[in-house]
Amino acid sequence: MKLTDLFRYLLITLLAATALSARAQLSIEITGAGANRFPVAIAVMEGESQLPRGVTDVVRGDLERSGLFSLVEMGPKPVGEAATPDFAYLRTRGADAIAVGTVVPAQSGKYELRMRLYDTRQEAQLDALTLTMTPAQYRITGHKIADIIYERITGLKGVFSTQIAYVVKSGKQYKLQIADSDGANPQTALASNEPIISPSWSPDGSRLAYVSFEAKKPVVYVHTLATGLRAVAANFKGSNSAPSWSPDGSRLAVVLTKDGLSQMYTVNPDGSGVTRLASSSSIDTEPAFSHDGQWIYFTSDRGGSPQIYRIPAQGGRAERVTFEGSYNVTPRPSPDGQTMTYIARTANGFQVAIMDVATRQFAVLTDTGRDESPSFAPNSRMILYATEIGGRGVLAAVSSDGRIKQRLSVQAADVREPAWGPLPR
Amino acid sequence: MRYPLAASMLALALLAGCSSTPMTADQGASVEDRTASSAGTIPTVRPDQMQGAGLAALRDPNNILSKRAIMFDYDSFTIRGEFMPLVEAHGRFLAANPQMKMLIQGSADERGSREYNLALGQKRSDAVKKSLMLLGAKEGQIESVSLGEEKPQCTERNEACYAENRRGEMLYAGEF
């Protein structure tokens, strides 16, 4: 760990501890980084001192936590966007790219932020943009800038502006919370004395489907986050669970026991239009649509042990996907359609694994043994999951190549059931 | 179920209020000791539990009907012989009291996927339901559901605890 990293970690921990007195916030710790981190300089923006809270720190924090970048120290002197940076000097400092910016007051208490990103080797501008922000929007503005830098340099969409959903259990209280991808701004969408599991984001990010036990049995709800209004999506006799949205947001795959065993159905988000998806004489559960809506991946014990299968979303014959090991569950196809993450029972316990959809080659990604509920970031690069460290439920994230590892935890509470939200629209 | 109960208790309270002697000035300042009055104590009516003798049996610790939990082996959904007398007693009770309704909550131990464990708990509650129906209980009397691994009876991590959590719990209306 570099000194700057250590300092940052201490700062984050300190900030988290301060925040805890007001509200429990996820704090992020980096436990593994990419092999080749891209050296980038993020200069302090000119005029940023006018803002009560800086944007540069948010950008730097995002890029550093991603595990893909190393930050080249630029000192406290601001660098504006108007002048061409000193590329020769930046190269001697080892920076392959530099971001510079200027903050100027705009109308009605807002500020205009102009930012440019340069390649120091090609001495060329990679991107330029202007954002208008209120001082309170310093975090989301920083996340947007970090997303652009990430996308220009890695070629993948940045996910710093996204949100995550998860369940916090403290004592007998369960809270379904929504936070920024860095754990900031946690908000409670549902607080209950009964368990909440299996949150699933609607593709447009406006709604969450989940299972709540508040009626002393599992019932599937669809919760509109902006209004707090809830609709019952499935409350049939027996158990109702495992909601998962179709990519176009029009249907929910759910598991019902109204006709006997746990079987898969689709319903409209308002609970109408129940259609049986498949019939088996075994447990079929944990349905998840592929990115193109063509397939539904699911867990079934039809072969004697729980394994992952898939069927055409329009119905048809099931095809077995996992063969290795005696327990493979919770399939989650990646948004780019290339891979699938799932939980495999190995000699070390339950671990997050990834499989290439085309070749069916797979690899275990984690070194923990109580992993559950993997969830892809919208860029398919990171997988958020629940695990346990020191007897406490925490969230962790691992890159799809297994190199980058992060841990997100809340003090004195169990965190579980994470779901990574879609890209903001 | 809670609301009608609360409403009827409120109605009772209002009735009690109506039947009490109105306070008038000419009655003086004497305070009536209601608990010792000739009217005696007023029983509380609970519409959810109006089964008289049957209900008392469900609460009597010496009656087998007061026991509700059936434990299962690992990865098993078969009711073990030791629990058959308990299932038979409840099956006969439901058959004899067709107005009684039951919720069976199945559970699984905490190992593995929450949703898969929910399905395992359902298989256990379904197994209990099937046995009760063979003994004369009607489909409409019983709902079998699952709590998966979400409401463990025992929270330690050992085989004894896991065994305790692989269960089916029989609850009558008003008890959940």
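Residues numbered from 1 in each chain as written. Chains lettered and ligands numbered in written order. Predicted model: local features only at pLDDT ≥ 70, side-chain atom pairs only at ≥ 80, totals over all residues.

The name given to chain B in an unreviewed UniProt entry is Peptidoglycan-associated lipoprotein, with Denitromonas halophila as the source organism. Its UniProt record gives chain B the following Sequence similarities (unreviewed entry) comment, quoted word for word: "Belongs to the Pal lipoprotein family." (UniProt positions renumbered as here; feature names shortened; annotations may be inferred.)

Caption draft 1: Structural detail: the overall build of chain A. The number of helices and strands found in chain A is 4 helices and 30 strands. Computed over C-alpha atoms, the radius of gyration of chain A comes to 23 Å, within 12% of the 22 Å expected from 2.2 N^0.38 for 425 residues, which places it in the range of a compact globule. With the C-alpha coordinates of chain A rotated into their principal frame, the extents come out at 70 × 45 × 40 Å. Considering only residue pairs separated by 6 or more positions, chain A has 45% of its internal contacts joining residues 24 or more positions apart. (Helix = DSSP H or I, 4+ residues; strand = E, 2+ residues; numbered from the N terminus. Rg over C-alpha atoms; globule rule 2.2 N^0.38 Å. Contact = placed C-beta atoms within 7 Å.)

Caption draft 2: Just the sheet that holds strand E11 (residues 207–212) of chain A, in detail. Residue and element names in this part refer to chain A. If you trace the 4 strands from one edge of the open sheet to the other, you get E10-E11-E12-E13, paired in antiparallel fashion. Lying at the two open borders of the sheet, with one neighbouring strand each, are strand E10 (196–201) and strand E13 (230–234). Neighbour to neighbour, the strand axes of the sheet diverge by 25 degrees on average, direction disregarded. With 4 bridges connecting them, E10 and E11 associate as antiparallel partners. Residue pairing across strands places Ile-196 opposite Ser-212, the latter belonging to E11. (Pairing = 2+ DSSP bridges. Axes fitted to C-alpha atoms, helices over the stretch in contact; angles between N-to-C directions.)

Caption draft 3: Here's a closer look at the sheet that holds strand E16 (residues 263–267) of chain A. All names here are of chain A. Spatial strand order, E14-E15-E16-E17: 4 strands in an open sheet with antiparallel pairing. The open sheet has two free edges, formed respectively by strand E14 (240–245) and strand E17 (275–276), since each of these has just one partner strand. Here 5 bridges tie strand E15 (residues 252–256) to E16, and the two strands are oriented antiparallel to one another. Paired with Val-254 across the strands is Tyr-265, a residue of E16.

Caption draft 4: Geometry of the packing of helix H3 (residues 84–96) of chain B against helix H4 (residues 114–134) of chain B. Residue and element names in this part refer to chain B. At a minimum axis distance of 8 Å, the contact between H3 and H4 shows a crossing angle of 60 degrees. In terms of orientation, H3 lies oblique with respect to H4. The chirality of how H3 crosses H4 is right-handed. Residue-level inspection shows Val-87, His-90, Gly-91 and Leu-94 of H3 in contact with H4, the latter providing Val-128, Ser-131 and Leu-132. Split by residue class, the contact of H3 with H4 holds 4 nonpolar, 3 polar and no charged. (Parallel < 35°, antiparallel > 145°, perpendicular 65-115°, else oblique. Left-handed = near helix turned anticlockwise from the far one by under 90°. Nonpolar A, V, L, I, M, F, W, Y, C, P; charged D, E, K, R; others polar.)

Caption draft 5: Looking closely at the UniProt feature "domain: OmpA-like" (unreviewed entry) in chain B. Mapped onto the present numbering, the UniProt feature "domain: OmpA-like" (unreviewed entry) falls on residues 59–176 of chain B. Between the first and last C-alpha atoms of residues 59–176 of chain B the distance is 14 Å; the span itself is 36% helix and 19% strand.

Caption draft 6: Representation of helix H4 (residues 138–154) of chain A. All names here are of chain A. The end-to-end C-alpha separation of H4 is 24 Å, in line with the 24 Å expected for 17 residues at 1.5 Å each. Most of H4 sits inside the fold, with 13 of its 17 residues counted as buried. The positive-phi residue at the C-terminal boundary of H4 is Gly-155, with phi of around 80 degrees. (Expected span 1.5 Å × (residues − 1). Buried ≥ 20, exposed ≤ 12 C-beta atoms within 10 Å, placed from the backbone.)

Caption draft 7: View of the environment of Asp367(A). Mapped onto the elements, Asp367(A) comes out in the loop between strand E25 (362–364) and strand E26 (372–376). Residues Asp367(A) and Asn348(A) lie 19 residues apart in sequence; the distance between their C-alpha atoms is 8.0 Å.

Caption draft 8: Representation of H4(B). Residue and element names in this part refer to chain B. Between the first and last C-alpha of H4 there are 30 Å, a value that for 21 residues agrees with the 30 Å anticipated at 1.5 Å per step. Judged by how many residues are buried, H4 sits mostly within the fold: 17 of 21 residues are covered. Positive backbone phi, at 110 degrees, marks Gly-136, one or two positions downstream of H4.

Caption draft 9: View of the environment of Gly421(A). Residues and elements named next belong to chain A. By the secondary structure assignment, Gly-421 is in the segment after strand E30 (414–420). According to the C-beta neighbour criterion, Gly-421 is buried, with 25 such atoms within 10 Å. For the pair Gly-421 and Pro-378, spaced 43 residues apart in the sequence, the C-alpha separation amounts to 7.3 Å. Residue contacts for Gly-421: discarding those within four places in its chain leaves Thr-162, Gln-163, Ile-164, Ala-165, Trp-201 and Gly-205.

Caption draft 10: The pairing of strand E22 (residues 328–333) of chain A, seen in detail. Residues and elements named next belong to chain A. Burial of E22 is extensive: 6 of the 6 residues sit out of reach of the surface. Judged from the 4 bridges that link them, E22 and strand E23 (residues 339–346) form a sheet pairing that is antiparallel. Considered in E23, the bridge of Asn-328 is made with Ala-344. Linkage of E22 to E23, two consecutive antiparallel strands, is achieved through a turn of 5 residues, within which Gly-337 is found at a positive phi near 80 degrees.

Caption draft 11: Structural detail: the domain arrangement of chain A. Residue and element names in this part refer to chain A. Domains assigned within chain A are domain 1 (25–154) and domain 2 (163–420). Relative to domain 2, the C-alpha centre of domain 1 lies at a distance of 34 Å. Contacts between domain 1 and domain 2 engage 16 residues on the former and 16 residues on the latter. Across the side of domain 1 that touches domain 2, the residue classes break down as 5 nonpolar, 7 polar and 4 charged. (Domains from an automatic or database assignment.)

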